[in-house]
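Chain by chain, the residues run as shown.
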Amino acid sequence: MEKILDVKDLEINFHTFAGDVKAIRDVSFHLNKGETLAIVGESGSGKSVTVRSIMGLLANNSNVPNGQIMFKDQDLLKISARQMEKIRGNDISMIFQDPMTSLDPTMPIGKQVAEPLLIHNHMSRAKAMERAEEVLELVGIPNAKNRIKDYPHQFSGGQRQRIVIAIAIVNYPEILIADEPTTALDVTIQSQIIELMKELQDKIETSIIFITHDLGVVAGIADRVAVMYAGKIIEYGTVDEIFYDPRHPYTWGLLNSMPTLESQKLYAIPGTPPNLLNPPKGDAFAPRNEYAMAIDYEAMPPFFKVTDTHYAATWLLHPDAPKVQPPAEILRRHELYHKYLAEQAKGGVPADAE
Amino acid sequence: MTKYILKRIAWIFITLWIVATITFFLMKLLPGTPYTNQAKLSADQIRIMNDQYGLNKPLITQYWVYIVGLLHGDLGTSFQFNNQPVTYLISNRIGPSMQIGAQAMIIGTFLGILLGAIAAVKQRTWVDSVATFFAIVGRSIPNFVFAVILQFFLAFKLKIFPIALWDGFSSSILPSIALAMAPLADTARFMRTEMVDVLSSDYIELARSKGLSSWQTVAKHALRNSLIPVVTIIGPMAVALMTGSMVIENIFSIPGIGEQFVKSILTNDYPTIMGLTILYSAALLVIYLVVDILYGIIDPRIRLSTTGGKE
């Protein structure tokens, strides 16, 4: 499969009065053409920082001591600010989290949607407005023709997020980064936005990086999932592998804390994430991990291969590690998955695994 | 919109009438009479003059006469300034004050907005520090000090401008600059604060994500949003500037209105006090109307609807 984006050994620090916060610690991942990669993790795990580095929108107090972000044979970390401006909003664009604050309150929405066209395509104003109207229609703004002169405050939250999406896709970007695009919305609107994004992905043939802390959302949209914890990716694989055959105790914890029809009581991972001013030398999750071994406090686990597409950074996968029993909920998922795989192998209609 | 403006104009007249009434009665409470300091006048002379100016009639009659005169555009006759009609006195002297004030206003707000915006964009760099320093200097040094400094260097030493003379545009430049320093500093500080706020907002990040350069982002998105609160301080500032500054007018020998206002109060020159108070109130009310219309132009969320009220 063709890689459209390849992030290698990325490290990002933020300079603060207290010292350097190591927000991203040696992160590598790639995005295949046409797929949706979900990056999952709790607040502060480094999801947003990672994608902002791809957009070239890191805060001024950041520095990137190491790493590469390869897009079309160029390293986005090396190119000039002007070159990056040409890529932003054109080849790579972004959907933001809060539609209530992401639109300029003093500019009509049509103009805001047309802006990327005017910057990148040197289109005439009239033509750009025509395109803006089409795209607004495409993202589901009813009666777009008569509404392009309206201002953001005249739209509901869901509609505003559709407008934010319209701005992001107006140039048919090759990569669309969505930073928690549904977090600020009602649950009913959330599913509409997810549906819209899936629809648009087919129509404009884009690859999506989808950031979220909501695993329920991931299941509905992602092809592959990367799980982040304390500035590192700790496990990645296809969506089925992560949901039904997870290997890292943190992923177990995340899945376990998601309510299902069977769950009697809601699980919460004990403790809090480490302070990234002084990251631990071993596995950052060890202090919260009931399966932690002595080595977890001493050395950072490398990635162990589970399948060709599935890797997890936990010492539990080391051949010498004792076999542990994952939580009951994970075992139940595992069982479902194997039943599903078996049925698929038989060539039968796949059962609904969930 | 038109209906809203007409309604506001009607209110301006009502407000002016209230201001005139309150000022009229308050003024009579001022200590002394127009003849204080005029020890040479005999009781008879004072009686004759009181008769002539109608000052011995009951207060309510005086008020009635004044309001009727006001409606006809007659502001009465000044006691102090050579028996000139107040309308004549004002119209003769308001021009230079207004001109200097307006020029100071334009210099102050434009440069202030520019300086504040640059400081915000370059926040926490030396540019920001320099801008902040100038703002503090501009705010804390009185304008007559600036006036004298400007006179010394630009007029006396370099002879670019006249020192103290009222003759055409070139003579209005130095006083305008001197008067503009404080509003410039205020606008710059205010603008910087607003802009720093706006620059950290989500829609600015979105604008950057579209591929706009940082200066394009400022010009197209940040500036307008930062201006909304700045417009608020521009209203009262404009009135303070337009109504003349006695000190600046004195230093530059400008035949403005500032001096008359101060003198008229000191000498209980009732018609002049009344006339100028009404004039200043009218200026304030008109500027507030302009500011409200400006708000609507800048911020669509408070745009005035055609039905007369606000949305």
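Quick notes on the rules
- Residues numbered from 1 in each chain as written.
- Chains lettered and ligands numbered in written order.
- Predicted model: local features only at pLDDT ≥ 70, side-chain atom pairs only at ≥ 80, totals over all residues.
- Domains from an automatic or database assignment.
- Contact = placed C-beta atoms within 7 Å.
- Helix = DSSP H or I, 4+ residues; strand = E, 2+ residues; numbered from the N terminus.
- Nonpolar A, V, L, I, M, F, W, Y, C, P; charged D, E, K, R; others polar.
- Buried ≥ 20, exposed ≤ 12 C-beta atoms within 10 Å, placed from the backbone.
- Pairing = 2+ DSSP bridges.
- Core = buried A, V, L, I, M, F, W, Y, C linked by C-beta atoms within 7 Å.

**Observations regarding the domain arrangement of chain A**
All names here are of chain A. Structurally, chain A comprises domain 1 (1-91 + 173-354) and domain 2 (100-172). Centre-to-centre, using C-alpha coordinates, domain 1 lies 31 Å away from domain 2. Listed as interface residues are 13 residues of domain 1 and, on the opposing side, 15 residues of domain 2. By residue number, the principal contributor to the side of domain 1 that touches domain 2 is helix H8 (residues 187-204), which donates six residues. Here the side of domain 1 that touches domain 2 is composed, by residue class, of ten nonpolar, three polar and no charged.

**Comments concerning the pairing of strand E9 (residues 224-229) of chain A**
A regular strand places its side chains so that they alternate between the two faces of the sheet. Residues and elements named next belong to chain A. The buried fraction of E9 amounts to six of the six residues, a majority that puts the element mostly inside the structure. Because side chains alternate across E9, one face comprises the buried residues Arg224, Ala226 and Met228, and the other comprises Val225, Val227 and Tyr229, equally buried. With four bridges joining them, strand E3 (residues 36-40) and E9 adopt parallel strand pairing. Counted as the bridge partner of Val40 is Val227 from E9. Pairing of E9 with strand E10 (residues 232-238), which is carried by six bridges, proceeds in the antiparallel orientation. Across the sheet, residue Val225 finds its bridge partner in E10, namely Gly237. The hairpin formed by E9 and E10 contains two residues between the paired strands, and Ala230 there has a positive phi angle of roughly 50 degrees.

**A few points about the interface of chain A and chain B**
On the chain B side, the residues contacting the 24 residues of chain A number 19 residues. At the level of secondary structure, the elements contributing two or more residues to the side of chain A that touches chain B comprise helix H2 (81-87), strand E6 (92-95), helix H3 (99-102) and helix H4 (109-121) of chain A. A per-element tally of the side of chain A that touches chain B places H4(A) first, with four residues. Each residue belonging to the side of chain A that touches chain B can be placed in one class, and the counts come to ten nonpolar, eight polar and six charged.

**A word on the pairing of strand E8 (residues 207-212) of chain A**
Residue and element names in this part refer to chain A. The element E8 is extensively covered by neighbouring structure, given that six of its six residues are classed as buried. For E3 and E8, the ladder comprises five bridges, and the chain directions are parallel. Pairing of Ala38 across the sheet is with Phe210, part of E8. Sheet topology places strand E7 (residues 175-179) next to E8; five bridges connect them, and they run parallel. When the sheet's bridge partners are listed, Asp179 is paired in E8 with Ile211.

**Points about helix H1 (residues 47-55) of chain A**
Burial of H1(A) is extensive: seven of the nine residues sit out of reach of the surface. Those residues of H1(A) lying buried are A:Lys47, A:Val49, A:Thr50, A:Val51, A:Ser53, A:Ile54 and A:Met55.

**Examining the nonpolar core**
Ranked by internal contacts, the top residues of the largest apolar core, which has 136 residues, are A:Val113, A:Leu136, A:Ala166, A:Ile177, A:Ile209 and A:Val227. Element by element, the count of residues in this core is highest for helix H7 (residues 170-199) of chain B, at 15 residues. Each of two domains, domain 1 (1-91 + 173-354) and domain 2 (100-172) of chain A, supplies a minimum of three residues to this core. If we skip the residues at most four places from it in the chain, A:Leu136 touches A:Val113, A:Ile141, A:Ala144, A:Ile148, A:Ile163 and A:Ala166. The next biggest cluster of nonpolar side chains, apart from the first, holds 14 residues, and it includes B:Ile94, B:Phe261, B:Tyr270 and B:Leu276.

**As for the sheet that holds strand E1 (residues 3-16) of chain A**
Residues and elements named next belong to chain A. Pairing within the open sheet is antiparallel, and its four strands lie in the order E2-E1-E4-E5. Unpaired on one side and paired on the other, strand E2 (19-32) and strand E5 (74-75) mark the two borders of the sheet. In this structure, strand E4 (residues 62-71) lies alongside E5, joined through two bridges in antiparallel fashion. Of the residues in E5, the one forming a bridge with Met70 is Asp75.

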